[in-house]
Amino acid sequence: MKQILFVMLLGLVVVSCEKNTENTMVLTGNIKGLKKGTLYLQQAKDSTLVVLDSLEINGDGNFSFTEEVVTPDIFYLYLDKKDNNDINDRITFFGEPGQINIKTAWNTFDTKAEITGSKSQEKMEEFYDMTSKFNIRELSLVQQASIPEFQADSLALDSLQNLVDQNTIRKFRYALNFGLNNGDSYATPYLMVTEVSQANPKYLDSIYKVLTPEVADSKYGKALKELLDRKKN
């Protein structure tokens, strides 16, 4: 009888552990060249940046964090290098249950970070890689418009403005098509809320309708629904 009870208890423990690991994010990585500093895992809660965990690094750039993730969300990895400068020391990434790895270097911490293991992160990077091309195009056109020879030519300025407008339209079309084609990604509602919230509600509504039930019920799926409700009212 005691053996049966022990086996049943062991089974309950195993099941409990499996349930916990289903929602666990294991974040590991390495910061090349870092000898000393403090690494913080952060998350925005109620418009406030909250420290979830921290790690003192001394002589070894390897790190590891374990965090329960109820729904895929944006997390931040902040590095305090003890240099009294908090600029360019925070990595933004899309966290989700599973193994996620971040490799970077102390002097290019946020600019050249390699993030693997998160499908939501992959989709977010795909989106930003493309939209950055539109942003570079717009910057180039604006810089041309500042050249004296263009400033003195109203027709040339009008032509440049038309190109800027066309570029903006293409950027919006890309973003909206991205949403329509990626309804199964948790990154989609986040990007729609943060990047194209000013878009026509009917387009955003079309995107919301193609979200899978799991994504629609996520943090940013609900945020997109709230945005649509505000626009309708």
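Residues numbered from 1 in each chain as written. Predicted model: local features only at pLDDT ≥ 70, side-chain atom pairs only at ≥ 80, totals over all residues. Heavy atoms only, no water.

In this section: the environment of Y220. Note on placement: Y220 falls in helix α8 (residues 219-232). Remark: the alpha-carbon pair of Y220 and L191, spanning 29 residues in sequence, is separated by 8.8 Å. If near-sequence neighbours (up to four positions away) are discounted, Y220 is found in contact with P72, D73, I74, F94, P189, Y190 and V193. (Helix = DSSP H or I, 4+ residues; strand = E, 2+ residues; numbered from the N terminus. Contact = heavy atoms within 4.5 Å.)

What follows is about the sheet that holds strand β4 (residues 62-68). The sheet built from four strands is open, its strands ordered β4-β1-β7-β8 with mixed pairing. With partners counted over all chains shown, the strands left at the sheet margins are β4 and β8 (114-116), one partner each. Strand-to-strand twist across the sheet, computed as the mean angle between neighbouring axes with direction ignored, equals 15°. Bridging between strand β1 (residues 24-32) and β4 involves seven bridges; their strand directions are antiparallel. Bridge pairing in β4 places T28 opposite S64. (Pairing = 2+ DSSP bridges. Axes fitted to C-alpha atoms, helices over the stretch in contact; angles between N-to-C directions.)

Taking 1.5 Å of rise per residue, the 28 residues of helix α4 (residues 154-181) would be expected to cover 40 Å, and the 40 Å separating its terminal C-alpha atoms lies within 8% of that figure. Here α4 has its buried residues at A156, L160, V164, N167, Y174, A175, L176, F178 and G179. Where α4 is buried, its residues contact α2 (119-145), α3 (148-151), α5 (187-195) and α6 (201-210). (Expected span 1.5 Å × (residues − 1). Buried < 20%, exposed > 50% of the residue type's maximum accessible area, 1.4 Å probe, protein only.)

A word on the sheet that holds strand β2 (residues 36-45). If you trace the four strands from one edge of the open sheet to the other, you get β3-β2-β5-β6, paired in antiparallel fashion. For this open sheet the edge positions go to β3 (48-58) and β6 (90-95), each flanked by a neighbour on one side alone. Averaged over neighbouring strand pairs, the angle between their axes works out to 25° when direction is ignored. Note that β2 and strand β5 (residues 73-80) share six bridges and pair antiparallel. The residue bridging Y40 from the neighbouring strand is Y78, located in β5. Contacts between α2 and the sheet are confined to β5 and β6, with β6 contributing the most and set at about 120° to the helix.

Note on soluble globular proteins: their nonpolar side chains tend to be buried together. One finds L191 and M192 to be the most contacted residues of the largest nonpolar core, which totals 25 residues. Broken down by secondary-structure element, the contributors of at least two residues to this core are β5, α2, α4, α5, α6, α7 (213-216) and α8. Each residue touching M192, except ones within four places of it in the same chain, is listed here: F127, A175, F178, G179, S197, L204, I207 and L224. The next biggest cluster of nonpolar side chains, apart from the first, holds 19 residues, and it includes L27, L39, F65 and F109. (Core = buried A, V, L, I, M, F, W, Y, C linked by side-chain atoms within 4.5 Å.)

So, about the pattern of salt bridges. For the structure shown, the criterion picks out seven salt bridges. Between K81 and D89 there is a salt bridge; the shortest N-O distance is 3.4 Å. Here K81 falls in the buried class, since its relative accessible area comes to 18%. Beyond isolated ion pairs, a larger network of salt bridges with shared partners links D205, K209 and K232. (Salt bridge = Lys/Arg side-chain N within 4 Å of Asp/Glu carboxyl O.)

Moving on: the confidence of the model for the chain. Parts of the model with low pLDDT should not have their predicted coordinates read in detail. Chain-level statistics for the chain give a pLDDT mean of 89 and a share of 88% at 70 or above. Between residues 4-19, whose pLDDT stays under 50, and residues either more than four places distant or in other chains, the model counts zero contacts. (pLDDT = per-residue confidence, 0-100.)

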